[in-house]
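What the coordinates show
One letter stands for each residue in the lines below.
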Amino acid sequence: MASGAVEACGSFDGLNHLCPVKTGVCTGRNIASGNTAQRVHAALRFTQNTPGDNEMTTKTYQVSRRTLLSACALVTLGMGNAMASNWPDKAITLVVPYSAGGPTDVVARLLAVPMGQVLGQSVLVENTVGAGGTIAPTRVAKAKNDGYTILIHHMGMATAPALYKKLPYDPLKDFEYIGQVLDVPMTLLSRKDFPANNFQELQDYVKKNQEKVSLANAGIGAVSQLCGMLLMHQLGVNLTTIPYKGAGPAMNDLMGGQVDLLCDQTTQTVPVIKDGKRVKVFGVTTPERLSSLPDIPTLNEQGLKGFDVKVWHGMYAPKGTPKEVIDKINKALNVAIKDDNVKARIADLSSDLVSPEKATPEGLRKHLTAEVARWAKVIKETGVTAE
């Protein structure tokens, strides 16, 4: 084709432009008034000099709406790729569903520094608290899918669909997956002056005084609530539950003697347990004892057969976040979980960083899918609800 001036004219559904980028085929001008047939086609006009002529010969070609829209899509894709290649050019916000000082917040802040170093931009931790940890995922699901707003959440992403009748987001449809992060065991604690001194004494006491015993949790829908509900179910008791806005405030009141019992993650409880002055510990929630707390028996070995609660964490981005951006965040995550300081701190908290194959988008997708199905069955059988 001879060189010439090329322009595209089109108007679909009352729009003056087919796409926001001026290119040879995508800059639309309203050819407007006209019937439906005119509106579903655009005139792609180019002019060319016919050799030997002094006059310009104009030829007009018709291209379908689908062709033009496909061309626009290619331009938009090109723009997206260019944006992704320059990403990030500002700070990234890592949204945490629970209060500062709580277990998930501790993990987020440990990861933020090395991730920021890899990405070349700060990773800022934002605590978006409320509604049992569902406000933060809702915020991220509705955020712009440019990679600058991401989420770290624990197994609450898997339990929320069964706990809430009306959930503002779908964990399996409204997010891109970045990767799993770590697994965290839980421990059952009491205030320091609680009458029982071991798990058998605790069972006997709560069965006789259940109307007097209070059980704290980190909020409606939090893992500590689920752990507590499972505990009550297996003991056959109904204690007074007290929800807090996060695990930090719940722990503070337990140590202050305002509540009796709390089931909480080792990221928060291990330092307090080792201190030996502010709480009593009755067992760990995993099938095996913890290397950092070898003298603390499991609840399973003390009579609660099959009791197994381990809190896993994952990282998410809004649906539609470009794959190139997800890959960059995933790379930063994998560097962070291999960081010597992060590994040492996580080990001190009796938690386990995941293997490389789990710290991937596909690893998180598979795990979340399986956990949603698993907890839906457990929650239905126990009658646990967040409403």
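In this report, we go over the structure that sits alongside the text. (Residues numbered from 1 in each chain as written. Predicted model: local features only at pLDDT ≥ 70, side-chain atom pairs only at ≥ 80, totals over all residues. Heavy atoms only, no water.)

1. Quick word on the nonpolar core
Heads up, the condition is: In these notes, a set of buried Ala, Val, Leu, Ile, Met, Phe, Trp, Tyr and Cys residues joined through side-chain atoms within 4.5 Å is what counts as a nonpolar core. When a residue's accessible area, from a 1.4 Å probe over protein chains only, is under 20% of the maximum for its type it is buried; when over 50% it is exposed; and in between it is partly exposed. The helix and strand labels rest on DSSP assignments: H or I over at least four residues marks a helix, E over at least two residues marks a strand, and numbering proceeds from the N terminus. Contacts are residue-level and defined by heavy atoms, with any inter-residue pair within 4.5 Å sufficient.
Of all hydrophobic cores here, the largest spans 81 residues; its most connected members are Leu 111, Met 115, Ile 152, Val 181, Leu 202, Met 315 and Tyr 316. Sorting elements by how many residues they give to this core places strand β7 (residues 175–191) first, with eight residues. Apart from residues no more than four positions distant in its own chain, Leu 202 is found in contact with Leu 188, Phe 194, Ala 196, Leu 261 and Phe 282. Grouped together as the second largest cluster of nonpolar side chains are 16 residues, Leu 254, Val 259, Val 270 and Ile 296 included.

2. Points about the packing of aromatic side chains
By convention here, two paired aromatic rings are described through the distance between centres and the angle between planes. Put simply, the rule is: Pairing of aromatic side chains requires ring centres within 6.5 Å, counting the rings of Phe and Tyr and the six-membered ring of Trp. Pairs whose planes differ by under 30 degrees are stacked, by over 60 edge-to-face, and all others tilted. The criterion for a charge sitting over a ring is simple: Lys NZ or Arg CZ within 6 Å of the ring centre, and within 35 degrees of the ring normal.
Applying the stated criterion across every chain yields a total of five aromatic pairs. With a centroid separation of 5.2 Å and an interplanar angle of 75°, the aromatic rings of Phe 194 and Tyr 205 are classed as edge-to-face. One end of the pair, Phe 194, is in the loop between β7 and α6 (199–208); the other, Tyr 205, is in helix α6, with eleven residues separating them in the sequence. With a relative accessible area of 1%, Phe 194 lands in the buried category. For Tyr 205, a relative accessible area of 25% translates into the label partly exposed. Among the aromatic residues, those joined into a ring-pair cluster are Tyr 169, Phe 175, Tyr 177 and Tyr 316. Between the NZ or CZ atom of Lys 90 and the centre of the ring of Tyr 148, over which it lies, the distance is 4.7 Å.

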